[in-house]
Amino acid sequence: MADVTLDRITKTYNKGQTKAVEDISFSVNEGELFGLIGPDGAGKTTLFRILTTLLLPDTGTALVNGCDVVKDYKKIRSQVGYMPGKFSLYQDLTVEENLQFFATVFNSSIEENYDLIKEIYVQIEPFKKRRAGNLSGGMKQKLALCCALIHRPTVLFLDEPTTGVDTVSRKEFWEMLKRLKVQGITILVSTPYMDEATLCERIALIQAGAILSIDTPQGIIEQFPEKLYAIKAGNMSQLLQDLRSSSLVATCYAFGEYHHITLTEEGEQTTENLLASLKEQHAEVQLSPTKPTIEDCFIKLMQAS
Amino acid sequence: MKQFRAFVRKEFYHVFRDQKTLLLLFGLPIVQIILFGFALTNEIKDSKIVICDYAKDDASQQIIRKIEASNNFTIKKALMSHQQIEQAFKAGDVKLAIIFPNDFYDDLTHQNEAQIQIIADASDPNTATTLTNYATNIIKDYQASLINSQPTLQIRTETRMLYNPELKGTTNYVPGVMALVLLLVCVLMTSVSIVKEKEKGTMEVLLVSPFNPLLVIISKALPYLLLSLINLGIILLLSVYLLDLPVKGSLLLLVATSTLFIITALALGLLISNATATQQEAMIFSLMGMLLPTMMFTGFMFPLENMPIALQTVANIVPSKWYYIIVKSVMIKGLGFSAVWKEVLILLGMTVVLLGISIKKFNIRLA
């Protein structure tokens, strides 16, 4: 059963001059951990704000828990949990006061749903008398998550929860999300980090206000049409130029310490020739087939569109 | 109800943890009372005065010429009785009378001492003292020029203040400062309160919750209502014990009407906060939009009666004008509710309208 459904959602700003998202449709199943993956400015936050009833879509409809985001906004607001991209708790209130406040606003109490937040809260409990503004980035995220969970929401919206958080805290955060999923909470999370995509059950790749692809991370990787190679040499920037000018190479881009390339049909048949001609100009050339990642798929899809 | 308590508690935390603002909140009224009480004076130019010269001798003529040379006065010469002078005061034709008795010069040369009488209309005590000071200074100046030749000569000036012999200038400005301070503090503080949540992003989280906008608005105003009442207490204590200006009428009525005025101001601040997008915008709005009109149109700095009709009409929409009238009537004249019910009703109406617009303007979405 679908828990969150978007049907042809379009939203513009500045009286139609700036397009934020266009004709977006997808659905998230009940109890699913769904990722919205895309760079800054892709329209992730706009979608979150429409789904949390904070913005009205120009056209299209969206349902959360079977409630319309425009008409039944009050119902949705009492059922969902939302954590905006920017830290948005009261900085001059302590950890405990923030949690207490949000629990009361949702007509609940800390005790009532303590089991849900316990694992997360114990990590920040030693600092419960500290003002939220004086917490570290990772701690702030944990507190914000606690506050978003304190009323046991059916759907949790997390807008870039790991942006600006260190690697260890990021990993911890995803562990927490997996445990929440076990509790049956539907989670919609957005992130600009492609490596986090594989941690979701299903993902939507989004770019410039349009969905590029929706599938499981594995499914998206399998859709990658060509063979992908990783190549490395002594002078990487010269190598990139040479590859780009070669007629045997279809696409080529820097990827970490390697360049990732795909070859033309002719190139696939004459890989040795390419390697030989490169070795004439470069020292220490290594060429090996590699498995595509979500980022490779994203780049591929982006170039295609 | 539990929700409402949580909102109110949160607002009190916000207010009491922002100590700089708190200092401003209580420092401002004290500084203003003291400033207006002791430091501010106005220079007065071209005041109409009358000179009754019964002496018409060398000395009186010389002094009159000196007075004429000063640009503080516009002079009318006439021989008036005390009754006539009082009538002229009442008609507002003149502010000051200087009277030279018969044989002024003779007294000065033969008895080494002469008298000049100065009568001032002290219903406006600031003007009265300033004008008498100007006049006595000119006379002293003349006396000083004589001393070189005849050091024993003395001119005594006898000053009479009509209507307000003790010269209580405070009668004018305490109600004015009360109106100014309460309005400023309430509007300024509440005007940033809601917009602050918009700017910091906390409103975004708050909106995605089952809260009632009315509760938020009321809980925002509540701490400032309490603080303003404390402020009112401080101002009243200062005026009674430091400035010797007692509350002549009913204290209860004064506090009740002040509470009403505070609520009016809070409603105005909330409206600004709802209508603006940033704290800075709200501040500029409340400072420019409130401070200036309050100073201009309350009536304690510039008398409203002297303004063109158009400006007098504008003054009617300034809440502090009505409050100023109420405080003057209750605190200084000692009048009861029957004398101020009209003003109270106007303030009440303003409050209802302002609160209504604020609630209507409260944005339940982000854009």
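Residues numbered from 1 in each chain as written. Chains lettered and ligands numbered in written order. Predicted model: local features only at pLDDT ≥ 70, side-chain atom pairs only at ≥ 80, totals over all residues.

J.: Account for the sheet that holds strand β8 (residues 186-191) of chain A, naming residues and giving values.
T.: All names here are of chain A. Here 6 strands make up an open sheet; going across it, the order is β6-β7-β8-β3-β9-β10 and the pairing mixed. The sheet terminates laterally at β6 (80-83) and β10 (210-215), the two strands that pair on one side only. Across the sheet, the mean angle from the axis of one strand to that of its neighbour is 15°, orientation sign disregarded. Bridge analysis of strand β9 (residues 202-207) against β10 gives 5 bridges, and the strand direction is antiparallel. Considered in β10, the bridge of I206 is made with I211. Relative to β8, helix α6 (residues 167-182) is tilted by about 160°, and along the sheet it contacts β3 (33-37) and β8. (Pairing = 2+ DSSP bridges. Helix = DSSP H or I, 4+ residues; strand = E, 2+ residues; numbered from the N terminus. Axes fitted to C-alpha atoms, helices over the stretch in contact; angles between N-to-C directions. Contact = placed C-beta atoms within 7 Å.)

J.: Outline the domain arrangement of chain B, supporting the account with residue identities and numerical values.
T.: Parsing chain B into structural domains produces domain 1 (2-39 + 169-361) and domain 2 (47-162). Computed from C-alpha atoms alone, the centre-to-centre distance between domain 1 of chain B and domain 2 of chain B is 46 Å. (Domains from an automatic or database assignment.)

J.: Give me the interface of chain A and chain B: which residues, what numbers.
T.: Counting residues at the interface gives 24 residues for chain A and 19 residues for chain B. Secondary structure elements with two or more residues in the side of chain A that touches chain B: α2 (73-79), β6 and α3 (95-105) of chain A. Sort the elements by how many residues they give to the side of chain A that touches chain B and α3(A) lands first, with 4 residues. Tallied by class, residues from the side of chain A that touches chain B come to 12 nonpolar, 6 polar and 6 charged. (Nonpolar A, V, L, I, M, F, W, Y, C, P; charged D, E, K, R; others polar.)

J.: Which residues make up unusual backbone geometry, and what values go with them?
T.: Look at A:R152: it is not a glycine, yet its phi comes out positive at around 50°. On the secondary structure map, A:R152 appears in the loop between α5 (137-149) and β7 (155-158). Residue classification places A:R152 among the partly exposed residues on the basis of 16 C-beta atoms within 10 Å. The backbone of B:K56 shows a phi angle near 50°, a positive value even though the residue is not glycine. The topology assignment puts B:K56 in the loop between β1 (47-53) and α3 (58-69). (Buried ≥ 20, exposed ≤ 12 C-beta atoms within 10 Å, placed from the backbone.)

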